[in-house]
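So the chains spell out like this:
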Amino acid sequence: MPASDHANLEQFMEGVKQRNPGQTEFIQAVQEVAQDIFDFIEDKQEYHEAQILRRMVEPDRVVSFRVCWEDDSHRIRVQRGWRVQNNNAIGPYKGGIRFHPSVNESVLKFLAFEQTFKNSLTGLPMGGAKGGSNFDPHDKSDSEIMRFCQSFMTELYRHVGPDTDVPAGDIGVGSREIGYMFGQYKRITNRWEGVLTGKATEYGGSKMRPEATGYGAVQFLCNMLRHSGSEIDGKTAIISGAGNVALHAAEKLCDLGGKVLTLSDSDGFVHDPDGIGRDKIEWVKRLKNERRGRISEYVEEFSGAEYHEGKRPWHVAADLALPCATQNELEEDDAKALVDNGCIAVAEGANMPTTLKGVKVFKDARIMYAPGKAANAGGVAVSGLEMSQNAERISWNQERLGDMLTELMKDIHEKCVTYGDDGDGYIDYVKGANIAGFKKVADAMLAFGVV
Ligand code: GLU
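For every chain, the first residue of its written sequence is number 1, and the numbers climb from 1 along that sequence. Local features in this predicted model are restricted to residues whose pLDDT is 70 or higher, and side-chain atom pairs enter the listing and the counts only when it is 80 or higher, whereas totals over whole chains, interfaces and linings include all residues. Excluded from the side-chain calculation are hydrogens and water; included are all heavy atoms of the structure.

Student: How would you sum up the sheet that holds strand 2 (residues 76-87)? Please name residues and give values.
Tutor: Note: two strands are recorded as paired if DSSP finds a minimum of 2 bridges between them. Secondary structure is summarised from DSSP: a helix means a run of H or I of at least four residues, a strand means a run of E of at least two, and numbering begins at the N terminus for each. Strand order in the open sheet formed by 5 strands is 1-2-4-3-5, with mixed pairing between adjacent strands. Of all strands in the sheet, those with a lone pairing partner are strand 1 (61-70) and strand 5 (165-168), marking the two edges. Across the sheet, the mean angle separating the axes of adjacent strands is 20 degrees when strand polarity is ignored. Bridge analysis of strand 1 against strand 2 gives 10 bridges, and the strand direction is antiparallel. From the neighbouring strand, R61 faces strand 2, where its bridge partner is Q85. Between two residues, a contact is recorded if the distance between any of their heavy atoms is within 4.5 Å. Inter-axis angles, ranging from 0 to 180 degrees, are taken between N-to-C directions of lines fitted to C-alpha atoms, where helices are fitted over the stretch in contact. Sitting on the sheet, helix 5 (residues 105-122) touches strand 1, strand 2, strand 3 (93-99) and strand 4 (128-133), and the angle it makes with strand 4 is about 150 degrees.

Next comes the structure, spelled out in structure tokens:
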């Protein structure tokens, strides 16, 4: 069949929209890869005949379930839980669990789709999945969180396993929640096995896992800068978020001589022109993890800093930007402000934080732009190493894991350069990540025939 007989990009996207009505985030994530993949497979008949991309945008399965729990005032609460298993061609399903009121099927389908490409890029044998609930852990007591996690796992345990699907954390799910879920899985199945990653080191967690996403994103940034003959030392950076990813990215930036100017949460952002150094980062870690406070409190502790209620940090002038909060937090105008203010590189610690129009601004301005599926892959990569350690019943030390993370990020950067080099010196990291991520999964799918 000649290439012209196959659905073109518009027809393909029209089909995606029709089959997934109202799922804007999922459609956006597919749109972000479709153009690059269409270009790549134009002359590759076997991918067309096997309908590889068409199959990849249809999750293997979406499990939706009721999560019932009792709050502290003995009221019965009902939430919805999901696990989206997108693709397991190259390894067991793998991807985090998100607890946030914004979670719905569209958000989890976009995350599971992205995860498939991201996990492939790591070079480790992991398929793509994502799960979660619209449960808001924000204002809940510790006992409520425990009861919710136990109820969530009471259904989830049927769908996961160390060779089937290995969830981890994401927004709203940290080591406390992983602990409650792991405990419940173990209790129900009577098996101690590496069914979750992001565990505490006392019971099978990997060293470097908490740091991996943020450190990895900065290492990716470092590789991009090095490739263009530059470095982090002496550069200013704006970071959004104040969670695990943002704070570890900030830490790594400081260690490499960068100056972090901002952090944020869903209420607003702080701008500290003196720089948010190591001590201040430690203070924010305690604020967020122990006191569960808001970033606005920063300005009461550190004079010279300003708090901007209800705003995002993208209009602050800086050399580097790391969106580390959530999807679609950086829009077209924000991207324009970054470019106008002289930003030279953007590395995404969050998943799909930039809107499609924002991405276009970065590409048109030809600044270095690393999409989340490449830049934040360090987290899931060390999760993959946690799976290996659990399977071997050993634990590797911090130094070894640190070296492995550095090597993995270098390797992902090289793959992006290989497939994303526009031939005139500009690296299209989106294209590179999309094609390199796609190729491995697609070739595995071809080998399996029509399944
Ligand atoms: N939620 C993280 C991500 O977006 C980590 C997933 C994992 O470790 O499985 O990649």
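Student: Lay out the packing of aromatic side chains with the relevant residues and their values.
Tutor: Each Phe, Tyr or Trp ring, with Trp reduced to its six-membered ring, pairs with another whose centre is within 6.5 Å; inter-plane angles below 30 degrees give stacked pairs, above 60 give edge-to-face pairs, and intermediate values give tilted ones. As enumerated under the stated definition, the model contains 22 aromatic pairs in all. Summarising the aromatic geometry, the rings of F26 and F113 are spaced 6.0 Å apart at their centres and angled 85 degrees between planes, so their arrangement reads as edge-to-face. With F26 in helix 2 (residues 24-41) and F113 in helix 5, this pair connects stretches of sequence that are 87 residues apart. Of the two residues, F26 and F113, neither departs from the other in class, the shared state being buried. Seen from their ring centres, Y298 and F302 are 4.7 Å apart, and the 50 degrees between their planes marks the pair as tilted. Pair check on accessibility: Y298 and F302 agree, each one buried. By way of ring pairs, the aromatic residues F65, W69, F99, F135, F148 and F152 are connected into one cluster. Two limits define a charge over a ring: the Lys NZ or Arg CZ must be within 6 Å of the ring centre, and within 35 degrees of the ring normal. For the cation-ring pair, K109 lies above F26, with the distance from its terminal atom to the ring centre recorded as 4.7 Å. Its end group placed over the ring of Y215, K252 keeps NZ or CZ at 4.8 Å from the ring centre. Think of it in three bands: with a 1.4 Å probe and only protein chains considered, a residue is buried below 20% of the maximum accessible area for its type, exposed above 50%, and partly exposed in between.

Student: Which residues make up the side chain of K130, and what are the values?
Tutor: Residue placement: K130 occurs in strand 4. Residue K130 is classed as buried on the basis of its relative accessible area of 2%. We call two N or O atoms a polar contact when they sit within 3.5 Å, provided that within protein one can donate a hydrogen and the other can accept it, with sequence-adjacent residues counted only if both atoms are side-chain atoms. A distance of 3.2 Å separates the side chain of K130 from the side chain of Q115, its partner in a polar contact. If sequence neighbours within four positions are ignored, K130 has contacts with R83, V84, G96, L108, L111, A112, Q115, D170 and N351.

Student: Run through the sheet that holds strand 8 (residues 268-271), naming residues and quoting values.
Tutor: Spatial ordering of the open sheet is given by 9-8-7-6-10-11-12, a layout of 7 strands whose pairing is mixed. Among the strands making up the open sheet, the edge pair consists of strand 9 (306-309) and strand 12 (368-370). Going from strand to strand, the sheet's axes swing by 15 degrees on average, the running direction of each strand aside. Across 3 bridges, strand 6 (residues 236-240) lies against strand 7 (residues 259-265) in parallel orientation. When the bridges of strand 7 are listed, A237 appears paired with V260.

Student: Describe the site of the ligand, with residues and values.
Tutor: Nearness is judged by heavy atoms alone; a residue qualifies as near a molecule or strand once a single heavy atom is within 4 Å of it. Taken together, 13 residues lie near the ligand, and K94, K118, G169, D170 and S383 sit nearest. Within the side chain of D170, an N or O atom sits 2.8 Å from a nitrogen atom of the ligand. Accessible surface area values rest on a Shrake-Rupley calculation with a 1.4 Å probe, where residue burial reflects the displayed protein chains alone. Within the complex, 94% of the 290 Å² of free accessible area of the ligand lies under protein. Of all elements in the fold, only strand 3, helix 5 and helix 15 (377-392) reach the threshold of two or more residues within the shell around the ligand.

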